[in-house]
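Structural overview for review
Take a look at the letters that make up each chain.
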Amino acid sequence: AETITRVFNLGALPYMVAGTFNVVMAQRLTRRICPHCIHKTSVKDTVQWSQALDAFHGLNPETLKQEITKRGITPDQWRDFVTNGMMIEWSGKDPTTGETCIHCGGTGYKGRIGIYEIMEYTDEIRNKLVAGKTAYEIENFALSQGMINLERDGVLKIIKWYTTLDEIYRIVKHKKI
C-alpha cells in the first residue's frame, strides 16, 4: 500500500492511478538457515513468537488453511510452532561431530530465501484510493481481505523451517491490524 502512496508523492493524482495497477508487490531477501546444523528449540512465551502468532489475526481461517496446504506445511510443523512454540535454529556445529559446520562455515546460514507481499489491486482498493484513504487504511483493508504480507509470508517460512524469527523480524516490522 505504501508503494501507491509513493506514486502520489511523485505527483500522480488518485484518479490517474486508479486504473494503472493490477498488483503491487514487495519483496525482501532473508538468510536461509543451514539445513545441516539445525536443531529444534522452544520460542514459546517470547515476544517474537507472540508477534508471529498475532500476524495471522484477522486472516480468514479458510485463506490460512489454503496457504498452509499450498506451502506444504505439515500438521506437525503447524502444531509444533503454533501450539508448542517450537521452531528450528542453527547451531553452526556439525550435529554428529560437534565441529564447525563445513556447509555454512559456522554461520548457521546457507543461501537466501525471498519473502513476498502481493496486494491485488481490486475495485474496493481503487475506490478507497480515489476516496483519499491512507496507505495504512488500505493495507489494513487488504490484510482483512486475506493479503499475505511480508510478515505473514515470513512466519509461514519459519514454520516450514526455512529461516528464523530473528531473521524475519530483523527485516520486517510487526504490523498489528
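Analysis parameters
- Residues numbered from 1 in each chain as written.
- Predicted model: local features only at pLDDT ≥ 70, side-chain atom pairs only at ≥ 80, totals over all residues.
- Heavy atoms only, no water.
- Core = buried A, V, L, I, M, F, W, Y, C linked by side-chain atoms within 4.5 Å.
- Buried < 20%, exposed > 50% of the residue type's maximum accessible area, 1.4 Å probe, protein only.
- Helix = DSSP H or I, 4+ residues; strand = E, 2+ residues; numbered from the N terminus.
- Contact = heavy atoms within 4.5 Å.
- Salt bridge = Lys/Arg side-chain N within 4 Å of Asp/Glu carboxyl O.
- Polar contact = N/O pair within 3.5 Å; in protein donor to acceptor, adjacent residues only side chain to side chain.
- Phe/Tyr/Trp six-rings, centres within 6.5 Å; stacked < 30°, edge-to-face > 60°.
- Lys NZ or Arg CZ within 6 Å of the ring centre and 35° of its normal.

Quick look at the nonpolar core now. Where a protein is soluble and globular, its nonpolar side chains tend to be buried together. In this structure, Phe 81, Val 155 and Leu 165 are the most contacted members of the largest nonpolar core, which totals 21 residues. No other element matches the 5 residues that helix H8 (residues 150-159) contributes to this core. Each residue touching Phe 81, except ones within four places of it in the same chain, is listed here: Val 43, Trp 49, Ala 52, Leu 53, Met 86, Met 87, Val 155, Ile 158, Ile 159 and Leu 165. If you look at the next biggest cluster of nonpolar residues, it comprises 16 residues, including Phe 21, Ala 135, Ile 138 and Ala 142.

Under the criterion given, the structure shown has 10 salt bridges. One salt bridge in this structure joins Arg 71 and Asp 153, with 2.6 Å as the shortest N-O distance. Of the two residues, Arg 71 sits in the loop between helix H4 (61-70) and helix H5 (75-82) while Asp 153 sits in helix H8, which places them 82 residues apart along the sequence. Residue classification places Arg 71 among the partly exposed residues on the basis of a relative accessible area of 22%. Judged by its relative accessible area of 4%, Asp 153 falls in the buried class. Salt-bridge contacts for Arg 170 lead to Glu 167; the nearest nitrogen and oxygen are separated by 2.7 Å. With a gap of 3 residues between them, Arg 170 and Glu 167 both fall in helix H9 (residues 165-171), about one helical turn apart. Here Arg 170 falls in the partly exposed class, since its relative accessible area comes to 47%.

We now examine unusual backbone geometry. Residue Asp 45 is not a glycine yet carries a positive backbone phi of 70°. By relative accessible area, which is 69% here, Asp 45 ends up exposed.

With respect to the helices and strands, the residue Glu 67 is situated in helix H4. At a separation of 3.1 Å, a polar atom in the side chain of Glu 67 contacts the side chain of Lys 70. When sequence neighbours within four positions are dropped, the list of residues in contact with Glu 67 reads Ile 148 and Leu 156.

Right, let's get into the packing of aromatic side chains. Following the criterion strictly, the structure yields 2 aromatic pairs and no others. With a centroid separation of 5.8 Å and 55° between ring planes, the pair formed by Trp 90 and Tyr 109 is classed as tilted. Of this pair, Trp 90 sits in strand E3 (residues 86-90) while Tyr 109 sits in strand E4 (residues 109-120), placing them 19 residues apart in sequence. Classification of Trp 90 by relative accessible area gives partly exposed; the value is 31%. Judged by relative accessible area, Tyr 109 falls into the buried class, the value being 13%. When the ring centre of Tyr 109 is taken as reference, the NZ or CZ atom of Arg 31 above it lies at 4.1 Å.

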